[in-house]
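A structural walkthrough
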Amino acid sequence: MDATVSASGDELDLIALLRKGDEEAFMSLVDRLQPMMLRVARMYVSSQAVAEEVVQEAWLGVLQGIDRFEGRSSLRTWILRIVSNIAKTKGQREGRSVPFTSLGGDDLDSPTLDPDRFLGSGDEWSGHWSTIPADWRGLPEDRLTSSETLGVVRKAIDSLPPMQAEVIRLRDVQGWSSEEVRNALDLSETNQRVLLHRARAKVRRALELELTIEAQT
Amino acid sequence: MTMPADEDFSCRELVEVVTQYLEGAMSDADRERLERHLGGCSGCHAVLSQFRTTIEVTGRLTEDQVSGEQREALRDVFRRWREAPSASS
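Residues numbered from 1 in each chain as written. Chains lettered and ligands numbered in written order. Predicted model: local features only at pLDDT ≥ 70, side-chain atom pairs only at ≥ 80, totals over all residues. Heavy atoms only, no water.

1. Considering the overall build of chain B
- When its secondary structure is counted, chain B shows five helices and zero strands.
- Moving toward the C terminus, one meets the helices and strands of chain B in the order α-α-α-α-α.
- Surface summary for chain B: the accessible area is close to 4800 Å², and the carbon and sulfur share equals 44%. (Helix = DSSP H or I, 4+ residues; strand = E, 2+ residues; numbered from the N terminus. Areas by Shrake-Rupley, 256 points an atom, 1.4 Å probe, with all protein chains shown as cover.)

This is the structure in C-alpha coordinates:
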(Lines give C-alpha, C1' and ligand atoms only; values in the text may rest on other atoms or scores of the structure.)
Protein backbone atom coordinates (compact mmCIF):
# COMPACT_ATOMS: atom_id res chain seq x y z
CA MET A 1 0.00 0.00 0.00
CA ASP A 2 1.08 3.57 -0.69
CA ALA A 3 1.62 5.78 2.27
CA THR A 4 -1.19 8.31 2.48
CA VAL A 5 -0.24 11.50 0.66
CA SER A 6 -0.35 14.37 3.11
CA ALA A 7 0.45 18.02 2.64
CA SER A 8 4.06 18.46 1.51
CA GLY A 9 6.55 20.80 3.19
CA ASP A 10 6.04 23.25 0.36
CA GLU A 11 2.31 23.21 0.93
CA LEU A 12 2.67 23.59 4.70
CA ASP A 13 4.59 26.82 4.11
CA LEU A 14 1.87 28.00 1.75
CA ILE A 15 -0.85 27.10 4.24
CA ALA A 16 0.93 29.09 6.97
CA LEU A 17 1.16 32.11 4.64
CA LEU A 18 -2.53 31.86 3.69
CA ARG A 19 -3.53 31.77 7.35
CA LYS A 20 -1.57 34.95 7.85
CA GLY A 21 -3.45 36.57 4.97
CA ASP A 22 -0.56 36.67 2.47
CA GLU A 23 -2.03 37.83 -0.83
CA GLU A 24 0.84 36.72 -3.06
CA ALA A 25 0.72 33.21 -1.61
CA PHE A 26 -2.96 33.11 -2.49
CA MET A 27 -2.38 34.40 -6.02
CA SER A 28 0.34 31.82 -6.66
CA LEU A 29 -2.11 29.11 -5.64
CA VAL A 30 -4.71 30.63 -7.99
CA ASP A 31 -2.24 30.50 -10.88
CA ARG A 32 -1.47 26.87 -10.19
CA LEU A 33 -4.93 25.48 -9.53
CA GLN A 34 -7.53 27.70 -11.20
CA PRO A 35 -7.35 26.05 -14.68
CA MET A 36 -7.92 22.53 -13.35
CA MET A 37 -10.58 23.76 -10.92
CA LEU A 38 -12.50 25.26 -13.84
CA ARG A 39 -12.28 22.06 -15.83
CA VAL A 40 -13.45 19.92 -12.92
CA ALA A 41 -16.35 22.29 -12.20
CA ARG A 42 -17.31 22.30 -15.88
CA MET A 43 -17.81 18.52 -15.82
CA TYR A 44 -20.85 18.93 -13.57
CA VAL A 45 -22.47 22.26 -14.47
CA SER A 46 -24.17 23.59 -17.58
CA SER A 47 -21.85 26.38 -18.72
CA GLN A 48 -18.44 27.95 -18.39
CA ALA A 49 -20.03 30.93 -16.61
CA VAL A 50 -21.57 28.69 -13.95
CA ALA A 51 -18.23 26.86 -13.61
CA GLU A 52 -16.53 30.20 -12.92
CA GLU A 53 -19.10 30.99 -10.21
CA VAL A 54 -18.54 27.56 -8.66
CA VAL A 55 -14.78 28.01 -8.61
CA GLN A 56 -15.06 31.46 -7.03
CA GLU A 57 -17.31 29.99 -4.34
CA ALA A 58 -14.79 27.18 -3.85
CA TRP A 59 -11.93 29.65 -3.32
CA LEU A 60 -13.95 31.39 -0.62
CA GLY A 61 -14.59 27.98 0.94
CA VAL A 62 -10.85 27.27 0.84
CA LEU A 63 -10.06 30.54 2.63
CA GLN A 64 -12.79 30.06 5.22
CA GLY A 65 -11.72 26.47 5.84
CA ILE A 66 -7.95 26.89 5.79
CA ASP A 67 -7.71 27.17 9.59
CA ARG A 68 -9.44 23.81 9.91
CA PHE A 69 -7.41 22.07 7.18
CA GLU A 70 -5.35 19.43 8.95
CA GLY A 71 -2.96 18.52 6.15
CA ARG A 72 -4.02 14.90 6.10
CA SER A 73 -4.44 15.04 2.34
CA SER A 74 -2.44 17.28 0.03
CA LEU A 75 -3.71 20.86 -0.17
CA ARG A 76 -4.40 20.61 -3.91
CA THR A 77 -6.41 17.40 -3.43
CA TRP A 78 -8.47 19.04 -0.70
CA ILE A 79 -9.12 22.07 -2.91
CA LEU A 80 -10.26 19.99 -5.90
CA ARG A 81 -12.62 18.06 -3.63
CA ILE A 82 -14.18 21.34 -2.49
CA VAL A 83 -14.70 22.37 -6.11
CA SER A 84 -16.21 19.09 -7.20
CA ASN A 85 -18.55 18.97 -4.20
CA ILE A 86 -19.87 22.47 -4.89
CA ALA A 87 -20.10 21.74 -8.63
CA LYS A 88 -22.02 18.49 -8.09
CA THR A 89 -24.53 20.23 -5.81
CA LYS A 90 -24.92 23.06 -8.30
CA GLY A 91 -25.34 20.60 -11.18
CA GLN A 92 -28.07 18.77 -9.29
CA ARG A 93 -29.86 22.04 -8.64
CA GLU A 94 -29.66 22.77 -12.35
CA GLY A 95 -31.38 19.43 -12.90
CA ARG A 96 -28.34 17.96 -14.61
CA SER A 97 -27.47 14.38 -13.95
CA VAL A 98 -24.06 13.41 -15.20
CA PRO A 99 -23.65 9.64 -15.60
CA PHE A 100 -20.11 8.34 -15.18
CA THR A 101 -20.01 7.09 -18.78
CA SER A 102 -20.46 10.63 -20.13
CA LEU A 103 -17.49 11.81 -18.06
CA GLY A 104 -15.27 8.75 -18.26
CA GLY A 105 -16.18 7.70 -21.79
CA ASP A 106 -18.02 4.62 -23.01
CA ASP A 107 -14.91 3.09 -24.56
CA LEU A 108 -13.18 1.85 -21.41
CA ASP A 109 -13.50 -1.79 -22.48
CA SER A 110 -12.25 -1.21 -26.03
CA PRO A 111 -8.96 -2.76 -27.04
CA THR A 112 -5.89 -0.53 -26.59
CA LEU A 113 -4.75 -1.05 -30.17
CA ASP A 114 -6.60 -1.88 -33.36
CA PRO A 115 -7.20 -5.67 -33.34
CA ASP A 116 -5.63 -5.80 -36.85
CA ARG A 117 -2.28 -5.13 -35.24
CA PHE A 118 -2.32 -8.72 -33.98
CA LEU A 119 -2.51 -12.07 -35.75
CA GLY A 120 -5.96 -13.68 -35.70
CA SER A 121 -7.15 -16.85 -34.04
CA GLY A 122 -6.44 -19.00 -37.12
CA ASP A 123 -2.76 -18.21 -37.00
CA GLU A 124 -0.09 -20.26 -35.31
CA TRP A 125 1.11 -17.07 -33.61
CA SER A 126 -2.39 -15.85 -32.73
CA GLY A 127 -2.28 -12.81 -30.42
CA HIS A 128 1.22 -11.81 -31.52
CA TRP A 129 2.07 -8.77 -33.61
CA SER A 130 1.09 -8.82 -37.27
CA THR A 131 3.27 -5.76 -37.82
CA ILE A 132 5.93 -4.77 -35.33
CA PRO A 133 5.40 -1.29 -33.80
CA ALA A 134 7.96 1.30 -34.87
CA ASP A 135 10.89 2.07 -32.63
CA TRP A 136 10.58 5.79 -31.82
CA ARG A 137 13.94 5.90 -30.12
CA GLY A 138 15.52 6.27 -33.52
CA LEU A 139 13.70 9.56 -34.14
CA PRO A 140 15.63 12.80 -33.81
CA GLU A 141 14.92 14.41 -30.43
CA ASP A 142 13.43 17.54 -32.00
CA ARG A 143 10.72 15.47 -33.72
CA LEU A 144 9.32 14.71 -30.28
CA THR A 145 9.74 18.20 -28.87
CA SER A 146 8.53 20.25 -31.85
CA SER A 147 5.54 22.55 -31.38
CA GLU A 148 3.67 20.52 -34.04
CA THR A 149 4.09 17.34 -32.03
CA LEU A 150 3.06 19.06 -28.80
CA GLY A 151 0.04 20.47 -30.66
CA VAL A 152 -0.96 16.95 -31.68
CA VAL A 153 -0.76 15.78 -28.06
CA ARG A 154 -2.73 18.78 -26.79
CA LYS A 155 -5.45 18.22 -29.39
CA ALA A 156 -5.65 14.50 -28.59
CA ILE A 157 -6.12 15.29 -24.89
CA ASP A 158 -8.70 18.00 -25.58
CA SER A 159 -10.79 15.51 -27.55
CA LEU A 160 -10.89 12.89 -24.76
CA PRO A 161 -13.97 12.39 -22.55
CA PRO A 162 -13.55 14.93 -19.70
CA MET A 163 -12.56 12.52 -16.92
CA GLN A 164 -9.98 10.76 -19.13
CA ALA A 165 -8.59 14.16 -20.09
CA GLU A 166 -8.37 15.34 -16.49
CA VAL A 167 -6.70 12.14 -15.28
CA ILE A 168 -3.96 12.32 -17.92
CA ARG A 169 -3.48 16.07 -17.31
CA LEU A 170 -3.10 15.62 -13.57
CA ARG A 171 -0.90 12.55 -13.83
CA ASP A 172 1.27 13.20 -16.88
CA VAL A 173 1.19 16.99 -17.34
CA GLN A 174 1.12 18.00 -13.67
CA GLY A 175 2.91 14.96 -12.28
CA TRP A 176 0.43 14.20 -9.47
CA SER A 177 0.59 10.76 -7.84
CA SER A 178 -2.13 8.22 -8.56
CA GLU A 179 -3.34 8.51 -4.98
CA GLU A 180 -3.75 12.28 -5.19
CA VAL A 181 -5.69 11.95 -8.45
CA ARG A 182 -7.91 9.23 -6.96
CA ASN A 183 -8.67 11.42 -3.97
CA ALA A 184 -9.12 14.62 -5.94
CA LEU A 185 -11.48 13.12 -8.52
CA ASP A 186 -13.09 10.53 -6.24
CA LEU A 187 -12.06 7.53 -8.35
CA SER A 188 -11.32 3.96 -7.35
CA GLU A 189 -7.80 2.71 -7.91
CA THR A 190 -8.96 0.60 -10.85
CA ASN A 191 -10.99 3.39 -12.45
CA GLN A 192 -8.13 5.83 -12.21
CA ARG A 193 -5.82 3.37 -13.93
CA VAL A 194 -8.29 2.41 -16.65
CA LEU A 195 -9.01 6.07 -17.45
CA LEU A 196 -5.28 6.81 -17.56
CA HIS A 197 -4.64 3.82 -19.81
CA ARG A 198 -7.35 4.81 -22.30
CA ALA A 199 -6.10 8.38 -22.36
CA ARG A 200 -2.46 7.38 -22.89
CA ALA A 201 -3.46 4.84 -25.54
CA LYS A 202 -5.23 7.55 -27.55
CA VAL A 203 -2.39 10.03 -27.20
CA ARG A 204 0.05 7.29 -28.25
CA ARG A 205 -2.11 6.61 -31.31
CA ALA A 206 -2.22 10.31 -32.23
CA LEU A 207 1.58 10.47 -31.91
CA GLU A 208 1.97 7.33 -33.99
CA LEU A 209 -0.09 8.82 -36.82
CA GLU A 210 1.87 12.07 -36.65
CA LEU A 211 5.30 10.44 -36.50
CA THR A 212 4.55 7.76 -39.09
CA ILE A 213 3.16 10.17 -41.66
CA GLU A 214 6.18 12.36 -41.09
CA ALA A 215 8.56 9.42 -41.55
CA GLN A 216 7.00 8.50 -44.89
CA THR A 217 7.29 11.94 -46.49
CA MET B 1 11.17 -11.03 -34.17
CA THR B 2 11.94 -13.64 -31.59
CA MET B 3 8.81 -15.17 -30.17
CA PRO B 4 8.76 -15.54 -26.41
CA ALA B 5 9.29 -19.05 -25.16
CA ASP B 6 6.67 -18.51 -22.45
CA GLU B 7 3.20 -18.29 -23.96
CA ASP B 8 1.47 -17.00 -20.81
CA PHE B 9 1.15 -13.44 -22.15
CA SER B 10 0.27 -12.81 -25.76
CA CYS B 11 1.30 -9.46 -27.24
CA ARG B 12 -2.38 -8.55 -27.50
CA GLU B 13 -2.82 -9.15 -23.78
CA LEU B 14 0.37 -7.37 -22.87
CA VAL B 15 -0.65 -4.02 -24.38
CA GLU B 16 -3.78 -4.04 -22.20
CA VAL B 17 -1.72 -4.10 -19.01
CA VAL B 18 1.03 -1.63 -19.96
CA THR B 19 -0.30 1.04 -17.61
CA GLN B 20 -0.82 -1.45 -14.81
CA TYR B 21 2.82 -2.46 -15.29
CA LEU B 22 4.10 1.12 -15.38
CA GLU B 23 2.02 1.95 -12.28
CA GLY B 24 3.68 -0.88 -10.37
CA ALA B 25 0.23 -2.36 -9.78
CA MET B 26 0.92 -5.94 -10.88
CA SER B 27 1.50 -8.98 -8.73
CA ASP B 28 5.12 -10.10 -8.60
CA ALA B 29 4.26 -13.23 -10.59
CA ASP B 30 2.52 -11.28 -13.37
CA ARG B 31 5.32 -8.73 -13.51
CA GLU B 32 7.88 -11.49 -13.90
CA ARG B 33 5.88 -13.14 -16.68
CA LEU B 34 5.51 -9.80 -18.43
CA GLU B 35 9.20 -9.00 -18.17
CA ARG B 36 10.10 -12.44 -19.47
CA HIS B 37 7.89 -11.80 -22.50
CA LEU B 38 9.39 -8.35 -23.03
CA GLY B 39 12.88 -9.77 -22.97
CA GLY B 40 12.15 -11.89 -26.04
CA CYS B 41 9.66 -9.75 -27.98
CA SER B 42 10.90 -6.74 -29.91
CA GLY B 43 7.32 -5.63 -30.77
CA CYS B 44 6.20 -5.43 -27.14
CA HIS B 45 9.49 -3.83 -26.21
CA ALA B 46 8.86 -1.14 -28.85
CA VAL B 47 5.26 -0.51 -27.78
CA LEU B 48 6.24 -0.18 -24.12
CA SER B 49 8.88 2.30 -25.17
CA GLN B 50 6.24 4.19 -27.21
CA PHE B 51 4.06 4.48 -24.09
CA ARG B 52 7.03 5.81 -22.12
CA THR B 53 7.73 8.36 -24.85
CA THR B 54 4.05 9.34 -24.90
CA ILE B 55 4.21 10.05 -21.15
CA GLU B 56 7.41 12.10 -21.59
CA VAL B 57 6.02 14.17 -24.46
CA THR B 58 2.74 14.76 -22.57
CA GLY B 59 4.85 15.98 -19.66
CA ARG B 60 6.16 18.81 -21.84
CA LEU B 61 2.73 20.40 -22.13
CA THR B 62 2.07 23.42 -19.95
CA GLU B 63 -1.04 24.33 -17.98
CA ASP B 64 -3.42 27.04 -19.21
CA GLN B 65 -2.92 30.61 -18.04
CA VAL B 66 -5.47 32.23 -15.76
CA SER B 67 -7.16 35.24 -17.36
CA GLY B 68 -6.37 38.67 -15.89
CA GLU B 69 -10.05 39.22 -15.22
CA GLN B 70 -10.38 36.04 -13.16
CA ARG B 71 -7.20 36.80 -11.24
CA GLU B 72 -8.52 40.22 -10.26
CA ALA B 73 -11.92 38.82 -9.28
CA LEU B 74 -10.18 36.31 -7.01
CA ARG B 75 -7.89 38.97 -5.59
CA ASP B 76 -11.08 40.79 -4.53
CA VAL B 77 -12.46 37.59 -2.97
CA PHE B 78 -9.22 37.28 -1.04
CA ARG B 79 -9.20 40.90 0.18
CA ARG B 80 -12.83 40.75 1.30
CA TRP B 81 -12.08 37.53 3.19
CA ARG B 82 -9.02 39.10 4.83
CA GLU B 83 -11.11 42.08 6.00
CA ALA B 84 -13.89 39.87 7.37
CA PRO B 85 -12.75 36.22 7.50
CA SER B 86 -15.99 34.77 8.82
CA ALA B 87 -18.47 36.72 6.68
CA SER B 88 -20.02 34.51 4.03
CA SER B 89 -19.50 35.63 0.41
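2. Focus: the interface of chain A and chain B
- Listed as interface residues are 62 residues of chain A and, on the opposing side, 54 residues of chain B.
- Summed over both partners, the interface of chain A with chain B buries about 5100 Å², with 62% contributed by carbon and sulfur atoms.
- There are 10 salt bridges connecting chain A and chain B.
- Across the pair A:R39 and B:D64 runs a salt bridge whose closest N-O atoms are separated by 3.6 Å.
- On the surface where chain A and chain B come into contact, there are 22 residue pairs in polar contact (both at pLDDT 80 or more).
- Those elements that place two or more of their residues in the side of chain A that touches chain B are α2 (23-44), α3 (48-65), α6 (141-145), α7 (147-158), α8 (162-173) and α10 (189-216) of chain A.
- The biggest single contributor to the side of chain A that touches chain B is α2(A), with 11 residues. (Contact = heavy atoms within 4.5 Å. Buried area = accessible area lost by both parts, 1.4 Å probe. Salt bridge = Lys/Arg side-chain N within 4 Å of Asp/Glu carboxyl O. Polar contact = N/O pair within 3.5 Å; in protein donor to acceptor, adjacent residues only side chain to side chain.)

3. Points about α7(A)
Residues and elements named next belong to chain A.
- Across its 12 residues, α7 extends 16 Å between first and last C-alpha, which sits within 8% of the 16 Å expected from 1.5 Å per residue.
- By the burial criterion, the buried members of α7 are T149, L150, V153, A156 and I157. One side of α7 holds all its buried residues, which, seen down the axis, span an arc of 120 degrees. Facing away from the buried surface of α7 by more than 90 degrees, the exposed residues are S147, E148 and K155. (Expected span 1.5 Å × (residues − 1). Buried < 20%, exposed > 50% of the residue type's maximum accessible area, 1.4 Å probe, protein only. Arc of directions from axis to C-beta.)

4. Remarks on the packing of α2(A) against α3(A)
Residue and element names in this part refer to chain A.
- Two elements in contact, α2 and α3, have axes whose closest approach is 9 Å; the angle formed by their N-to-C orientations is 135 degrees. Put simply, α2 runs oblique to α3. The crossing of α2 and α3 is right-handed. Along its contact with α2, which presents F26, L29, V30, L33, Q34, M37, L38, A41 and R42, the element α3 presents Q48, A51, E52, V54, V55, A58, W59 and L63. (Axes fitted to C-alpha atoms, helices over the stretch in contact; angles between N-to-C directions. Parallel < 35°, antiparallel > 145°, perpendicular 65-115°, else oblique. Left-handed = near helix turned anticlockwise from the far one by under 90°.)

5. Here's the deal with the pattern of salt bridges
Residue and element names in this part refer to chain A.
- Following the criterion strictly, the structure yields 27 salt bridges over all chains and no others.
- Two residues, R76 and E180, come together in a salt bridge whose shortest N-O distance is 2.8 Å. Residue R76 is found in helix α4 (residues 75-93), and its partner E180 is found in helix α9 (residues 178-185); the two are separated by 104 residues along the sequence.
- The partly exposed category is assigned to R76, whose relative accessible area is 24%.
- Take E180: its relative accessible area is 7%, and that puts it in the buried class.

6. Re helix α1 (residues 9-19) of chain A
- When α1(A) is considered as a whole, its buried residues turn out to be A:E11, A:L14, A:I15 and A:L18. All buried residues of α1(A) lie within an arc of 100 degrees about the axis, which places them on one face of the element.
- Against α2 and α4 of chain A together with α5 (68-83) of chain B lie the buried residues of α1(A).
- A:G21 sits one or two residues past α1(A) and shows a positive phi near 85 degrees.

7. Notes on the nonpolar core
- Counting residues in each nonpolar core, the largest one holds 70 residues, and the members touching the most others are A:F26, A:M37, A:W59, A:L75 and A:I79.
- Take this core: its biggest share by element is 13 residues, from α2(A).
- Residues within four places of A:W59 in sequence aside, it is in contact with A:F26, A:L29, A:V30, A:L33, A:Q34, A:M37, A:I79 and B:L74.
- Membership of the second largest hydrophobic core comes to 19 residues, among which are A:W129, B:L14, B:V15 and B:C44. (Core = buried A, V, L, I, M, F, W, Y, C linked by side-chain atoms within 4.5 Å.)

8. Examining the environment of A:V203
- Tracing the backbone through its elements, the reader meets A:V203 in helix α10.
- Contact partners of A:V203, with chain neighbours within four places excluded, come to A:V153, A:A156, A:I157, A:I168, B:T54 and B:T58.

9. As for the packing of aromatic side chains
- Throughout the structure, instances matching the rule amount to five aromatic pairs over all chains.
- Look at A:F69 and A:W78: their rings are 4.6 Å apart centre to centre, the planes differ by 35 degrees, and that puts the pair in the tilted class.
- A:F69 sits in the buried class, given a relative accessible area of 8%.
- For A:W78, a relative accessible area of 19% corresponds to the buried category.
- On the numbers, 5.5 Å between centres and 50 degrees between planes, the contact of B:F78 with B:W81 is tilted. With a gap of three residues between them, B:F78 and B:W81 both fall in helix α5, about one helical turn apart. The pair formed by B:F78 and B:W81 is uniform in burial state, with each residue classed as buried.
- Through a chain of ring-to-ring contacts, the aromatic side chains of A:F26, A:W59, B:F78 and B:W81 assemble into a single cluster. (Phe/Tyr/Trp six-rings, centres within 6.5 Å; stacked < 30°, edge-to-face > 60°.)

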